[in-house]
Amino acid sequence: MGLITNGLLFDQELVKRLSAFSKLKKIKISLDGADAETNDSIRGEKTFERVIKNIPLIKRENQFEIIFMFTVMKRNLRGLPSFFKHSQNLGIQGFIIERFIPWGRGRKKTDEVLNKEEWREMVKMLLDFFSIEEENPFPPYQAFQVSFNGEEPELLGAPCVIGKDGLCVMPTGDVFPCRRFPIPIGNLLETPLTQIWSESETLEKLRKKENLKGKCGRCDIKDCRGCRSLALALTGDSLEEDPHCWYDDK
């Protein structure tokens, strides 16, 4: 199991309490910059200082993998190389890069969403880190993880899980296709999960590539359906073309 947190409220007592859960292996902490100026402009004043201060507390128990969660947007995109080095120097196990998808309070920052050229620039940064020349295999990935667990850093890609092998369950029992797709497709207090999974009309539409619009529907990358959550957030239609996709099958 893993815990996603802003990392602000850790102290020695809390870390010991968490250590009592043997299945809890990963602590994922939101950090959106390699310096206080960048991170705090997104996360709030002095959050960078507090997160960095708490890292040694968590490491002391020697039980958890510590992974940063980096939400990439216009404001921090070009700081990614520095973030890579900073994460390595802290001795954590890696970081995850996810797109900024504007829901909730993020609706006020829609202008921070990357355009497709900037998303491609971000992918090229990663390819440069790992000396990878071919970029065409990378459009299907909605997020990336850089792992520092081996002798050399490793790059991992995460495709979309909607309708394939993932769901989001909220505290109320509402089920979303994913945590960034806030449209309920059922509720566990009323309907069994297996029934929601097999009978949801929303999931059924999203599973079929031929239902997708624009170039996503005709794309020759068989297993790629783009980011349905980003399409929903920016266009209001989850079947629309992925706004970040630069791939041209021509």
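Source: prediction; values computed, not measured.

**What about the sheet that holds strand 2 (residues 26-30)?**
Part 1: Read from one edge of the open sheet, 6 strands run 1-2-3-4-5-6, paired in mixed fashion. The outermost strands of the open sheet, each flanked by one partner alone, are strand 1 (2-5) and strand 6 (154-159). Across the sheet, the mean angle from the axis of one strand to that of its neighbour is 25°, orientation sign disregarded.
Part 2: Those strands touched by helix 5 (residues 116-129) are strand 3 (65-72), strand 4 (94-99), strand 5 (141-147) and strand 6, and its axis lies near 30° from that of strand 5.

**Concerning the nonpolar core**
Part 1: In terms of nonpolar packing, the biggest core is built from 40 residues, with F68, F95 and M122 touching the most fellow members.
Part 2: Only helix 1 (12-19), strand 2, helix 3 (47-60), strand 3, helix 4 (80-89), strand 4, helix 5 and strand 5 provide two or more residues apiece to this core.
Part 3: It is helix 5 that provides the largest number of residues to this core, a total of 6 residues.
Part 4: Excluding its chain neighbours within four sequence positions, the residues that come into contact with M122 are V72, L77, L80, I97 and F144.
Part 5: Counting 13 residues, the second-largest nonpolar core is a separate cluster that includes I162, V175, C178 and C216.

**Digging into the environment of T235**
Part 1: Looking at where T235 falls in the secondary structure, it is placed in helix 9 (residues 228-235).
Part 2: Residues T235 and R60, 175 residues apart in the sequence, show an inter-C-alpha distance of 46 Å.
Part 3: Looking at T235, its side chain comes within polar contact range of the main-chain oxygen of A231, at 2.6 Å.
Part 4: A polar contact is formed between the side chain of T235 and the backbone nitrogen of D237, at a distance of 3.1 Å.

Thresholds applied
Each chain carries its own residue numbering, running from 1 in the direction its sequence is written. With pLDDT at 70 or above as the cut-off, local features in this predicted model cover only qualifying residues; side-chain atom pairs require 80 or more to be listed or tallied, and sums for whole chains, interfaces and linings still use all residues. Excluded from the side-chain calculation are hydrogens and water; included are all heavy atoms of the structure. The rule for pairing is simple: two strands pair if DSSP sees at least two bridges between them. Counting from the N terminus, the helices are DSSP H or I runs at least four residues long and the strands are E runs at least two residues long. With axes taken as lines fitted to C-alpha atoms, and helix axes fitted only over the stretch in contact, angles between N-to-C directions fall between 0 and 180 degrees. Residue contacts are defined here by distance: any two heavy atoms, one from each residue, within 4.5 Å place the two residues in contact. In plain words, nonpolar cores are sets of buried Ala, Val, Leu, Ile, Met, Phe, Trp, Tyr and Cys residues tied together by side-chain atoms within 4.5 Å. Three exposure classes are used, based on accessible area relative to the maximum for each residue type with a 1.4 Å probe and protein chains only: buried under 20%, partly exposed in between, and exposed over 50%. Here a polar contact is taken to be a pair of N or O atoms separated by no more than 3.5 Å, where protein atoms must pair a possible hydrogen donor with a possible acceptor and residues adjacent in sequence count only if both atoms sit in side chains.

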